[in-house]
Amino acid sequence: MESKVIITGASSGIGKSIYEILTKNGYKCYGFQRTNADYYLDLSYPDTVLNVYSQFECAHGIAETVIINAGYSLDGTLIDLKLTEMVNIFNVNIISHIELIKHIINSWKKYNVKGNIILIGSQAALPGYKNASNVVYSATKAAIYSLMETLSKEYPEHARVNCISLGDVITEGELRLIKDKCILNGTSLDMELDKLKNDNLMSRLVTKEEISQLVLFVMSYQSLHAANINASAGSYIG
Ligand SMILES: NC(=O)c1ccc[n+]([C@@H]2O[C@H](COP(=O)([O-])OP(=O)(O)OC[C@H]3O[C@@H](n4cnc5c(N)ncnc54)[C@H](OP(=O)(O)O)[C@@H]3O)[C@@H](O)[C@H]2O)c1
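Bear in mind that the values here come from a model prediction, so they are computed numbers and not experimental data. (Residues numbered from 1 in each chain as written. Predicted model: local features only at pLDDT ≥ 70, side-chain atom pairs only at ≥ 80, totals over all residues. Heavy atoms only, no water.)

Engineer: In this structure, what is going on with the packing of helix α2 (residues 49-60) against helix α3 (residues 83-110)? I would like to understand it.
Structural biologist: For any two helices packed against each other, one specifies the inter-axial angle together with the distance between the axes. With their axes 9 Å apart at the nearest point, α2 and α3 run at an angle of 40° to one another. Taken together, α2 and α3 sit at an angle that is classed as oblique. Taken as a pair, α2 and α3 cross one another with a handedness that is right-handed. Contact residues: α2 offers Val-49, Leu-50, Tyr-53 and Glu-57, while α3 offers Ser-96, Glu-99, Leu-100, His-103, Ile-104 and Ser-107. Class assignment for the residues of the contact of α2 with α3 results in five nonpolar, three polar and two charged. (Axes fitted to C-alpha atoms, helices over the stretch in contact; angles between N-to-C directions. Helix = DSSP H or I, 4+ residues; strand = E, 2+ residues; numbered from the N terminus. Parallel < 35°, antiparallel > 145°, perpendicular 65-115°, else oblique. Left-handed = near helix turned anticlockwise from the far one by under 90°. Contact = heavy atoms within 4.5 Å. Nonpolar A, V, L, I, M, F, W, Y, C, P; charged D, E, K, R; others polar.)

Following this line, the structure appears as C-alpha cells:
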C-alpha cells in the first residue's frame, strides 16, 4: 500500500514541487489548499479544518506524513498593516495548521500510528537574522519553529517532528514579493536577485527541487527528530 502524505499549499511553489517529487517516489499525496486541491481548504478559517480533515480520513484513512507548507508573507511596515491582515496571516500560517496537526495526532494516538510532521519554516524566524522581512510574517514563522520545539517533546511516541528553515527560494509567491521590491527600490529583477544571492555564503539560492529532496531525506531518516534544518545556501545572522 502507498504511504499517504498530506501537503498544505501544494498548488504552487515549494508545495507543488514536493507533491510532484513525492508522487514520483511512490507516495500518495493529497494537497489541501484553495486551488487545484485534492481537498479544498481555506486556511483563513481555522474552524473549517476539522470538517475537511474528517472528510479526508473517512475516505482514505490515516496519512502517515503531514507537510505543513502553505503560507504567505506580507509587504509593508508594521504601522501600515491592518489588524485584519495580521489576524489572517496568523490564521493561515500557524493557527489552522496547529488545528490540523491536533486532529492528525489525535488519530495517530487512536490507531497507534507513528507519524511524521515536517514543518516548512523560514530563516526569518531565527533571532537576529539580518534579512528578516515583515515583522508579522517573521512572528508566524517563529511560531512554526517554536511548534517544532514543543510538539517534538509532547508526543515523541506518536509524532516525529522536524522543521526545514528556508532561505530565499524562487517561487510564484517569492517572485511577487521581489517584483514589489523592484517597484519600491526602482531596481530590475536581476539586480534584486543578485542581492539575494550575494546575501548567502554560497552566493546562490536554494531550489524547490533541492527542498523536495530534503523532505524525502527527512521522511526516510527514522531517527531524525526535533531538528531545525538550515536549508538556505548559507544565509547567516549578522
Ligand atoms: N519562497 C521562499 O523564499 C520562502 C522562504 C522561506 C519560507 N517559505 C515558506 O515556504 C512556504 C511555501 O512558500 P512558496 O514560496 O512556495 O509560496 P507560494 O508559491 O505562494 O505558494 C503558497 C501555497 O500556499 C497556499 N496558500 C496560501 N494561502 C492559503 C490559504 N488561505 N488557504 C490554503 N492554502 C493557502 C497556496 O495555495 P492556494 O492559493 O491555492 O490556496 C499555495 O499552494 C510558505 O510557508 C513560505 O512562508 C518560502
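Engineer: Help me understand helix α6 (residues 189-198), please; the structure alone is not making it clear to me.
Structural biologist: Owing to its 3.6 residues per turn, the α-helix aligns residues three or four sequence positions apart on the same side. Within α6, the full set of buried residues consists of Glu-192, Leu-193 and Leu-196. For α6, the angular spread of the buried residues around the axis is 100°, confining them to a single face. Those residues of α6 that are exposed and aimed more than 90 degrees away from the buried face are Asp-190 and Asn-198. Looking at the buried residues of α6, the elements they touch are α5 (172-185). (Buried < 20%, exposed > 50% of the residue type's maximum accessible area, 1.4 Å probe, protein only. Arc of directions from axis to C-beta.)

Engineer: In this structure, what is going on with the nonpolar core? I would like to understand it.
Structural biologist: The tendency in soluble globular proteins is for nonpolar side chains to be buried side by side. Among the nonpolar cores identified, the biggest contains 32 residues, and Phe-32, Trp-108, Ile-117 and Leu-119 are the most heavily contacted of them. Considering every element that reaches this core, the biggest residue donor is α3, with seven residues. Contact partners of Phe-32, with chain neighbours within four places excluded, come to Ile-6, Ile-7, Thr-8, Gly-9, Tyr-39, Leu-41, Val-52, Phe-56 and Leu-100. Listed in part, the 26 residues of the second largest apolar core include Ile-7, Ile-18, Val-206 and Val-218. (Core = buried A, V, L, I, M, F, W, Y, C linked by side-chain atoms within 4.5 Å.)

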